[in-house]
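Now for the letters of each chain:
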Amino acid sequence: MTDTTDTAGALPDPGAGPPAFPQEKAPGCPFDPPPGYRRLQAEDPFAAVTLPSGQRARVVTRHRDVRAVLDDPRFSADSSHPDFPRMFPRPVPQVLKGTFPRLDGAEHLRYRRMLARDFTGRRAEELRSRIERIVDARLNAMEERGGPIDLMEALAYPVPSTVVCELLGVPPEDSPLFESRTRVLINGRSGPEEMARAKDDIIRHLEGVVETKEKQPGDDLISRLLAEQVAPGLLDRAEVAVIAWLLLAAGHHTTATMIGTGTMLLLENPEQLALLRADPALLPGAVEELLRHQTAMQIGMNRIATADVTLGERTVRAGEGVVCQLATANRDPDVFPDPDRFDVTRTARGQLAFGHGPHQCPGQSLARVELQVTLERLFTRLPGLRLAVPAADVPFWHHLFGIHGVKELPVTW
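Residues numbered from 1 in each chain as written. Predicted model: local features only at pLDDT ≥ 70, side-chain atom pairs only at ≥ 80, totals over all residues. Heavy atoms only, no water.

**Things to note about the side chain of Thr261**
With respect to the secondary-structure elements, Thr261 resides in helix H11 (residues 237-268). If we ignore the near neighbours within four places in the chain, the residues touching Thr261 are Phe31, Gln294, His404, Gly405 and Val406. (Helix = DSSP H or I, 4+ residues; strand = E, 2+ residues; numbered from the N terminus. Contact = heavy atoms within 4.5 Å.)

Okay, structure coming up:
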């Protein structure tokens, strides 16, 4: 990739009517991205679109191009830029101090390094036995209550929420508060005032946790940030609360959605579930395939070009917004043959469910272990698990934040 000021290879001016984005899913195909994205991938991989905010942007749909954008520092994640591609028609939001996913370069890396040791693959493996106990406790409660039951409420949300609360040092009894407020933020129906109140509730509560940890530190992430970053003046207390909020929000909703969606996908593909039951060693690879096939964060890796950038034969101009379509990149036939087929024996190495480049999800190792443990324990403990409603009646998330997956999952056994 090289900078260019030449017009050769640039996309034509979109004119007055670029198509709307995002597109609607096809009726009866909840597991697949909207079919129009495949056409864009084949015919116009940097298509001009109109976002719900009214802004124009380029939607990137090929695996190699998504990787290139997310790895290139000339595509900025700074959402305070006035032309940053936004889903909602609202004023440019003020980025809270400590919101490191929306920073670039050295400042972004500074925050990432503060968190690195708590989110390594080794640390995730150290937590495996604790995650197993959390999952087993939830399954015990499910068995005691009996079905039918909403798996999202009974298992999928509480497991990652409990894990991330323990990691941060947030009291476990606070988990329901964070879950309820986070859903206000992501349900797609809340108004701006309601969303602002929900965010303020979370941050105020976390500020109280930070204050408590200053007086009574423990073996947790918030206590370490206070000792290693706040005490020497490298962070302030408000930033610690914002970082904790970001980790809580990212650490429970997407993983919970993947637990629910993965469960339904396996129930709807009994031959794949049978392969897993016959050979548990397939589970780590099956989780990668699940992440590829059912990418939870379908919209959200948005960027703005800070210079003219040539990608292959296409040029993205400085000031243009770019939307990286992860779900379509994960269905790219040039990388994953027969990409719409869910296959637990596939080698899904290179899937982009966690993004790519310097902003790749820091919690990906923990999420993998949570998914492996939860799915393994669930199908071992409840071998007769099945949907309690027709598959067509299971509601899926579909809103402007771009989270994909089941919203409620009624099951019995």
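**A short note on the side chain of Arg224**
Looking at the element boundaries, Arg224 is found in helix H10 (residues 221-230). Residue Arg224 is classed as buried on the basis of its relative accessible area, which comes to 17%. Among the polar contacts listed, one links the side chain of Arg224 to the side chain of Asp118, at a separation of 2.4 Å. Excluding its chain neighbours within four sequence positions, the residues that come into contact with Arg224 are Arg117, Asp118, Asp219 and Gln229. (Buried < 20%, exposed > 50% of the residue type's maximum accessible area, 1.4 Å probe, protein only. Polar contact = N/O pair within 3.5 Å; in protein donor to acceptor, adjacent residues only side chain to side chain.)

**With respect to helix H3 (residues 105-115)**
Within the span of H3, buried status applies to His108, Tyr111, Met114 and Leu115. Mapping the buried residues of H3 onto a view down its axis gives an arc of 120°, with all of them on the same face. More than 90 degrees from the buried face of H3, the exposed residues found are Gly105, Ala106 and Arg113. For H3, the elements touching its buried residues are H10 and H11. (Arc of directions from axis to C-beta.)

**Thoughts on the pairing of strand E8 (residues 321-324)**
Across the two faces of E8 the burial is the same, with Gly321 and Val323 and Val322 and Cys324 all buried. Sheet topology places strand E2 (residues 56-60) next to E8; 4 bridges connect them, and they run parallel. By the bridge assignment for E8, Arg58 is matched with Val322. In this sheet, E8 lies alongside strand E5 (residues 301-305) in antiparallel orientation, the contact comprising 4 bridges. In the sheet register, Ile304 faces E8, and the bridge partner there is Gly321. (Pairing = 2+ DSSP bridges.)

**As for the packing of helix H9 (residues 192-215) against H11**
Relative to each other, H9 and H11 sit at 120°, their axes nearing to 9 Å. By the angle between their directions, the pair H9 and H11 is classed as oblique. Crossing hand, H9 versus H11: right-handed. Judged by residue contacts, Lys199, Ile202, Ile203, Leu206, Glu207, Val210 and Glu214 of H9 engage Arg237, Val240, Ala241, Ala244, Trp245 and Leu248 from H11. (Axes fitted to C-alpha atoms, helices over the stretch in contact; angles between N-to-C directions. Parallel < 35°, antiparallel > 145°, perpendicular 65-115°, else oblique. Left-handed = near helix turned anticlockwise from the far one by under 90°.)

**Concerning the sheet that holds E5**
Strand order in the open sheet formed by 5 strands is E1-E2-E8-E5-E3, with mixed pairing between adjacent strands. Of all strands in the sheet, those with a lone pairing partner are strand E1 (46-50) and strand E3 (75-76), marking the two edges. Across the face of the sheet, helix H2 (residues 63-71) comes into contact with E1, E2, E3, E5 and E8 while running at roughly 125° to E8.

**Things to note about the packing of aromatic side chains**
For any pair of aromatic rings, geometry is given as the distance between the ring centres together with the angle between the planes. The final tally for this structure, using the stated rule, is 3 aromatic pairs. The interplanar angle of 35° and the centroid separation of 5.6 Å between the aromatic rings of Phe21 and Tyr37 together place this pair among those described as tilted. Pair noted here: Phe21 is in the segment before helix H1 (35-43) and Tyr37 is in helix H1, with a separation of 16 residues, a long-range link. Among the residues examined, Tyr37 registers a relative accessible area of 2% and is labelled buried. (Phe/Tyr/Trp six-rings, centres within 6.5 Å; stacked < 30°, edge-to-face > 60°.)

**Comments concerning helix H13 (residues 283-293)**
Every α-helical turn comprises 3.6 residues, leaving residues that sit three or four positions apart pointing alike. Most of H13 is tucked away, with 9 of its 11 residues classed as buried. Residues Leu283, Ala286, Val287, Glu288, Glu289, Leu290, Leu291, Arg292 and His293 constitute the buried set of H13. Looking at the packing, one finds that the buried side of H13 touches H11, helix H12 (270-278) and helix H15 (364-381).

**Some points on the environment of Gln351**
By secondary structure assignment, the location of Gln351 is in the loop between helix H14 (326-329) and H15. It is 8.9 Å that separates the C-alpha atoms of Gln351 and His293, two residues lying 58 residues apart in sequence. Setting aside chain neighbours within four positions, we find Gln351 in contact with Glu288, Leu291, Arg292, Asn330, Phe336 and Arg368. Within the local environment of Gln351, its side chain forms a polar contact with the side chain of Glu288, the two groups lying 2.9 Å apart. A distance of 2.7 Å separates a polar side-chain atom of Gln351 from the backbone nitrogen of Ala353.

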